[in-house]
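Read off the chains here:
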Amino acid sequence: MTKALEIRNLQAWYGESHILHDVNFSVEQGEVVTLLGRNGAGRTTTLRAIMGLTGRRSGSIRINGTEAIQLPTHRIAHLGVGYCPEERAIFSSLSAEENLMLPPMLMPGGMSVDEIYQMFPNLAERRHSQGTRLSGGEQQMLAVARILRTGAKLLLLDEISEGLAPVIVQALARMITALKAQGYTIVMVEQNFRFAAPLADRFYVMEHGQIVEQIASSELERKMPVLNELLGV
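Predicted model, so just to flag it, every value in this text is computed and none were measured. Residue positions are given per chain, counting from 1 as you read along its sequence in written order. Per-residue local features are limited, in this predicted model, to residues with pLDDT of at least 70; the limit for side-chain atom pairs, both in listing and counting, is 80 or more; totals at the level of whole chains, interfaces and linings are taken over all residues. No hydrogens and no water enter the side-chain calculation; it runs on all heavy atoms of the structure.

1. Quick notes on the overall build of the protein chain
What counts here: Only DSSP runs of H or I covering at least 4 residues are called helices, and only runs of E covering at least 2 are called strands; the numbering of each starts at the N terminus. For this measure, only C-alpha atoms enter the radius of gyration; the expected value for a globule follows 2.2 Å times N^0.38, where N is the number of residues. Residue burial is assigned from relative accessible area. The probe radius is 1.4 Å, only protein chains are included, and a residue is buried under 20% of its type maximum, exposed over 50%, and partly exposed in between. When checking whether two residues touch, look at their non-hydrogen atoms; a contact exists if any pair is within 4.5 Å. All accessible areas in this document rest on Shrake-Rupley with a 1.4 Å probe, and a residue is counted as covered only by the protein chains that are shown. Charged residues are defined narrowly, with Lys and Arg counted positive, Asp and Glu counted negative, and His plus the chain ends left uncounted. All charge positions are set by atom: Lys at NZ, Arg at CZ, Asp at CG, Glu at CD.
Of the regular secondary structure elements, the protein chain holds nine helices and ten strands. For 233 residues, the compact-globule formula gives about 17 Å, and the C-alpha radius of gyration of the protein chain, at 17 Å, lands near that figure. C-alpha extents for the protein chain along the principal axes are approximately 45 × 40 × 35 Å. Here the protein chain, with 233 residues, has 51% of them falling under the buried criterion. Sequence separation of at least 24 residues holds for 67% of the intrachain contacts in the protein chain that already meet a minimum separation of 6. About 10600 Å² of surface is accessible on the protein chain, with carbon and sulfur atoms providing 49% of the total. Of the charged side chains in the protein chain, 22 are positive and 24 negative; the average position of the first set lies 2 Å away from that of the second.

Given below as structure tokens:
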């Protein structure tokens, strides 16, 4: 089966700053993969490079078998990729539902509004509220829900649990479990190891813009000393 995402020798720059150095990893269809690492390791830049949001980049990024390294961001999105950035980008002048309806449908098979409200009942209750009047957790749900409408099946999620109350983090964990069961492929950048540990099939650890360790979920217990050393978990 064609891999959902295959990255080979990826290099990326912001201006003159060389951030990613020969990043190599792959994600199978329907997998949940987490990028771990300390702040500044290059995890967010990796997601941004996949979407074509860094400056110069080189190497290979294959999305469902299609080479995307030379494609502009809007063409990458049309390959079925949804990106949820850490800053969420909720529009204050729009209601929650208007924010939800803003992105265009890019591919068939996107979730309907009713399906989204079933997954996120908080958003159904707050659909007419101004986007930035939602709680932090509700805004995070809205940011994820927005890309589910587009038909994207490969989701890039950047620190979606950061700064949220435990009850909201648990709701997001249930969401990821449900999306995986529906066949979505998910790449997460996470600082919250306790959130990511039970969800991911595999973990890639980044350091200084490179992948330095790959760990399967079945190896977690055995490799905790390595993670402790790399992350200070």
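2. As for the packing of aromatic side chains
Convention followed: Side-chain rings of Phe, Tyr and Trp, where Trp is taken by its six-membered ring, are said to pair if the distance between their centres is within 6.5 Å; with planes under 30 degrees apart they count as stacked, over 60 as edge-to-face, and otherwise as tilted. By definition here, charges over rings are those cases where NZ of Lys or CZ of Arg is within 6 Å of the ring centre and within 35 degrees of the ring normal.
Scanning the model with the defined rule gives two aromatic pairs in all. Centre to centre, the rings of Phe 193 and Phe 203 are 6.2 Å apart; their planes meet at 45°, and the pair counts as tilted. Linking Phe 193 in helix H8 (residues 193-196) with Phe 203 in strand S9 (residues 202-207), this pair joins segments that are ten residues apart in sequence. Note on accessibility: Phe 193 and Phe 203 belong to one class, buried. One cation-aromatic arrangement involves Arg 56 over Trp 13; the distance from NZ or CZ to the ring centre is 3.8 Å.

3. Regarding the confidence of the model for the protein chain
Inclusion rule: Per-residue confidence from the prediction method is given by pLDDT, with values spanning 0 to 100.
Mean pLDDT over the protein chain stands at 93; residues scoring 70 or higher make up 100%. For the protein chain, the element scoring lowest by mean pLDDT is helix H9 (residues 220-231), at 84; strand S5 (residues 66-67) scores highest, at 98.

4. Concerning the pairing of strand S2 (residues 17-27)
Side chains on a regular strand alternate between the two faces of the sheet. Spelled out, the test is: Criterion used throughout: strands pair if DSSP finds at least two bridges between them.
The sheet contact formed by strand S1 (residues 5-14) and S2 spans seven bridges and is antiparallel. When the bridges of S2 are listed, Glu 6 appears paired with Ser 26. Taking the residues between adjacent antiparallel strands as the criterion, S1 and S2 are bridged by two residues, where Gly 15 takes a positive phi near 60°.

5. Structural notes on the pairing of strand S7 (residues 154-158)
Within S7, five of the five residues are buried, which leaves it mostly tucked inside the rest of the structure. Burial along S7 is two-sided: the face carrying Leu 154, Leu 156 and Asp 158 and the face carrying Leu 155 and Leu 157 are both buried. As paired elements, strand S6 (residues 81-84) and S7 share four bridges and run parallel to each other. Considered in S7, the bridge of Val 81 is made with Leu 154. Two strands pair when backbone bridges link them, and S7 and strand S8 (residues 185-189) are joined in this way by five bridges, in the parallel orientation. Looking across to S8, one finds that Leu 156 is bridged to Val 187.

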